Amino acid sequence: MTREMKEPEKNFDRAIEFAEKKKEEALKKATNKVEKEYLEQAFDKEIQELKERKKKLVDSRELTEKKKNEEMEKRRQKKKTKETKN
């Protein structure tokens, strides 16, 4: 399992960073105010979407981890009650 598979949120961090750099480059190359505003809005939207997707990923992972821990705790409790009955 690669690091990217274990920590996919880092891919989002890199994608966000890349989009921010592209935004800066594009704004420097833009020739008029309308073009700059359009580019800024487009990049801001893309960056926001990446941030939202990262948040969903992290939230999903936390929920999965919580459920997994709860399931393990239930199994431990069942095992303890079984042992005490014997």
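Quick caveat: nothing in here was measured; it's all calculated off a predicted structure. (Residues numbered from 1 in each chain as written. Predicted model: local features only at pLDDT ≥ 70, side-chain atom pairs only at ≥ 80, totals over all residues. Heavy atoms only, no water.)

Asker: Explanation requested: the overall build of the protein in the structure shown.
Answerer: Counting its secondary structure elements, the protein contains three helices and zero strands. For the protein, the succession of helices and strands along the chain, N to C, is α-α-α. The C-alpha radius of gyration of the protein comes to 23 Å, more than 25% above the 12 Å expected for a compact globule of 86 residues. Counting only C-alpha atoms and orienting by the principal axes, one finds that the protein spans roughly 80 × 25 × 10 Å. Each of the 86 residues in the protein was classed as buried or not, and the buried ones make up 14%. By sequence separation, contacts in the protein at least 24 residues apart represent 62% of the contacts at least 6 residues apart. Of the roughly 7800 Å² of accessible surface on the protein, a fraction of 51% belongs to carbon and sulfur atoms. (Helix = DSSP H or I, 4+ residues; strand = E, 2+ residues; numbered from the N terminus. Rg over C-alpha atoms; globule rule 2.2 N^0.38 Å. Buried < 20%, exposed > 50% of the residue type's maximum accessible area, 1.4 Å probe, protein only. Contact = heavy atoms within 4.5 Å. Areas by Shrake-Rupley, 256 points an atom, 1.4 Å probe, with all protein chains shown as cover.)

Asker: Honestly, the confidence of the model for the protein in this entry has me stumped. Any pointers?
Answerer: Low-pLDDT portions of the prediction should not be read for the details of their coordinates. Chain-level statistics for the protein give a pLDDT mean of 89 and a share of 92% at 70 or above. No element of the protein has a lower mean pLDDT than helix H1 (residues 3-6), at 60, and none a higher one than helix H2 (residues 9-29), at 94. (pLDDT = per-residue confidence, 0-100.)

Asker: I tried to follow the nonpolar core on my own but got confused; where do I start?
Answerer: Within soluble globular proteins, side chains that are nonpolar tend to cluster in buried spots. Judged by nonpolar contacts, Phe12, Ile16, Ala19, Ile47 and Leu50 together constitute the single largest core of five residues. Only H2 and helix H3 (33-85) provide two or more residues apiece to this core. Tallying contributions element by element places H2 first for this core, with three residues. Ignoring sequence-local partners within four residues, the contact set of Ile16 consists of Ile47, Leu50 and Lys51. (Core = buried A, V, L, I, M, F, W, Y, C linked by side-chain atoms within 4.5 Å.)

Asker: What should I look at first to understand the side chain of Lys23 in this one?
Answerer: You can see Lys23 is positioned in helix H2. By relative accessible area, Lys23 is classed as buried at 17%. Not counting residues up to four positions away in its chain, the partners in contact with Lys23 are Glu40, Phe43, Asp44 and Ile47.

Asker: Please explain H3 as it appears in this structure.
Answerer: Residue pairs spaced three or four apart in an α-helix point in one direction, given the helix's 3.6 residues per turn. Over its 53 residues, H3 runs 78 Å from end to end, which matches the ideal 78 Å to within 8%, given 1.5 Å per residue. Those residues of H3 that fall on the buried side of the exposure criterion are Leu39, Phe43, Ile47 and Leu50. Along its buried surface, H3 packs onto H2. At the N-terminal end of H3, a side-chain oxygen is found 3.3 Å from the backbone nitrogen of Val34, two or three residues along, and the residue is Asn32. (Expected span 1.5 Å × (residues − 1). Polar contact = N/O pair within 3.5 Å; in protein donor to acceptor, adjacent residues only side chain to side chain.)

Asker: Looking at this model, I keep getting lost on the side chain of Glu9. Mind explaining?
Answerer: In this structure, Glu9 sits in helix H2. Look at Glu9 and you get buried, because its relative accessible area is 18%. Leaving out residues up to four positions away in the same chain, Glu9 has contacts with Lys54, Leu57, Val58 and Arg61.

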